[in-house]
Every structure is written in structure tokens, then in C-alpha cells.
Amino acid sequence: MTTPILPTDCDPLARALLPIILHKLANATQLLSGMNAMLGLEGGDELFNARASDLSRCSLDLNRLGWALAVVASGSGADLLLSRREPRGLETLLGLVGDACRREGCAGISLPEPLPRLTPGALSGWELPWALASLLLAAAEEQGSGTLQWSLEPVGEAGWELRLGESEGLAERARQVLPHLQGAQWHCADGRACLQMPAAWLAKE
């Protein structure tokens, strides 16, 4: 069993995602160390140049992981995101939630393509991706197995809706995240839960 590296009262999203982020950062560091070692070998310059695309992908990964870490830290009370915005951030953060679900053995999460973009009008930049990731993680943990049924879709000109199956664990998590989503509303009816969000927070790809 993996020993928890975070206190028991920490943000559940941080608890789930930090091990995934650390693992991916370690992989990126290993790649960078290997490429640096190439430069010390005879003919290493050619090898290095041949792997330039790996270096480019690593740079992009580190940029995305840095943003995800700032979102998780902001959700735990540290203002690390500052003025940074990441339009494709939902792909990064929800992808990490999917990885966490596989690691923990709970319900799987499939991501629709394309996911909507986060807009500059989405509060301070971290709240919406943090909240959506938190709700999906809670729903997947509550379901426990199979594949989570969910959707994130525009509703005419009224805004966007995240739809999930209603559950006690999800409702509790919604009560925790909703104070950070000024302008959003949470509704439950007929076994379905719905987070309604202003149209200005998300944009179609």
C-alpha cells in the first residue's frame, strides 16, 4: 500500500493528483538528464539533435504540469497561478484525473474531444478547472467501477452544464467547491446532478 504523502485533511484533488504530477515530472527529469548525458558522448551532438523533438515534447509537458500544479496548489490555498491562463487547461487537468482514477482503481473517465476552452473570463483562472476536476474525481470514486457517465455541454445561450449522476459523495464535494464558483449553480433532480455555469467561462473549440 502506498503511504500517503499528504495530511488526511488536505484537498482531495491534491491528494489524488500530486502523485501523478510527481511521477510525470520525474519522467521528464529523467529524459532531460539522458539528453544532457548525450552531449558528453562522442558523437553526442548528432544524437542530441536527432532527439530534438523529444526535448520539445518534454518542454510542453513541463509547461502543462507546472500549470496543473499551480491549479492544485491554488485549490489548497496557495495563490500560485497569478495571472496565468491556460485555454486548453481542461485537457491537462481532467487527463490527470483520469490517470488518478486508473491508479486508484475507481470508475474510469473518458474525455470528449474536443473539450471546451477556458476563457479569460473564468474567474481567477484556477477555480473552474479545479472544481470540474474535483467533481469528476468525487463522482468516479463514488461509482467505484465501470466508466463514469458525464457531459459538459453548452445550453443555448444560457451557459454551460456539467451533468453527472447524483450521489451523496458528489453532493458533499459540490458543497465544498461551489463557494469558489461565484455565478454557478448546483441542482439535483431525478437522480441527476447538474452544475450550471455562465457562458463566458468556457468557449467551444
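Quantities reported herein were computed from a predicted structural model and do not represent experimental measurements.

Turning our attention to the environment of Glu 91. Along the chain, Glu 91 turns up in helix α4 (residues 89-104). With sequence-adjacent residues up to four places away left out, Glu 91 is seen in contact with Leu 111 and Leu 115.

Here we take up the confidence of the model for the chain. Of all residues in the chain, 93% attain a pLDDT of 70 or more, and the chain-wide mean is 87. Across residues 1-8, where pLDDT falls below 50, the model places nine contacts with residues more than four positions away in sequence or in other chains.

In this section: the pattern of salt bridges. Taken as a whole and judged by the stated rule, the model has eight salt bridges. One salt bridge connects Asp 99 with Arg 102, and the closest N-O pair in it is separated by 2.2 Å. Of this pair, Asp 99 and Arg 102 both sit in helix α4, three residues apart, roughly one helical turn. Note on Asp 99: relative accessible area 19%, which makes it buried. One salt bridge in this structure joins Glu 172 and Arg 175, with 2.8 Å as the shortest N-O distance. Here Glu 172 and its partner Arg 175 are both found in helix α6 (residues 168-177), three residues apart, which amounts to about one turn of the helix. Residue classification places Arg 175 among the exposed residues on the basis of a relative accessible area of 54%.

Moving on to the sheet that holds strand β5 (residues 192-197). Ordered by their spatial adjacency, four strands build an open sheet running β2-β3-β5-β4, and the pairing between neighbours is antiparallel. A strand with exactly one partner marks an edge of an open sheet, and here the two such strands are β2 (151-155) and β4 (185-189). Geometrically, the sheet is characterised by an average inter-axis angle of 25° between neighbouring strands, direction not taken into account. For strand β3 (residues 159-165) and β5, the ladder comprises six bridges, and the chain directions are antiparallel. Bridge pairing links Trp 160 to Met 197 in β5. Running at roughly 20° to β3, helix α5 (residues 127-143) makes contact with β2, β3, β4 and β5 of the sheet.

Judged from the five bridges that link them, β2 and β3 form a sheet pairing that is antiparallel. Residue pairing across strands places Ser 151 opposite Arg 163, the latter belonging to β3. Turn length for the β2-β3 hairpin, with the two strands adjacent in sequence and antiparallel, is three residues, and the turn residue Gly 156 shows positive phi of about 55°.

By size, the foremost hydrophobic cluster in this structure holds 55 residues, and its most contacted members are Trp 150, Leu 162 and Met 197. Those elements giving two or more residues to this core turn out to be α1 (12-38), α3 (52-75), α4, α5, β3, α6 and β5. Sorting elements by how many residues they give to this core places α5 first, with 11 residues. Those residues in contact with Leu 162 that sit more than four places away from it in its chain are Leu 132, Leu 135, Leu 136, Trp 150, Ser 151, Leu 152, Ala 193, Cys 194, Leu 195 and Met 197.

Conventions and cut-offs
Residues numbered from 1 in each chain as written. Predicted model: local features only at pLDDT ≥ 70, side-chain atom pairs only at ≥ 80, totals over all residues. Heavy atoms only, no water. Helix = DSSP H or I, 4+ residues; strand = E, 2+ residues; numbered from the N terminus. Contact = heavy atoms within 4.5 Å. pLDDT = per-residue confidence, 0-100. Salt bridge = Lys/Arg side-chain N within 4 Å of Asp/Glu carboxyl O. Buried < 20%, exposed > 50% of the residue type's maximum accessible area, 1.4 Å probe, protein only. Pairing = 2+ DSSP bridges. Axes fitted to C-alpha atoms, helices over the stretch in contact; angles between N-to-C directions. Core = buried A, V, L, I, M, F, W, Y, C linked by side-chain atoms within 4.5 Å.

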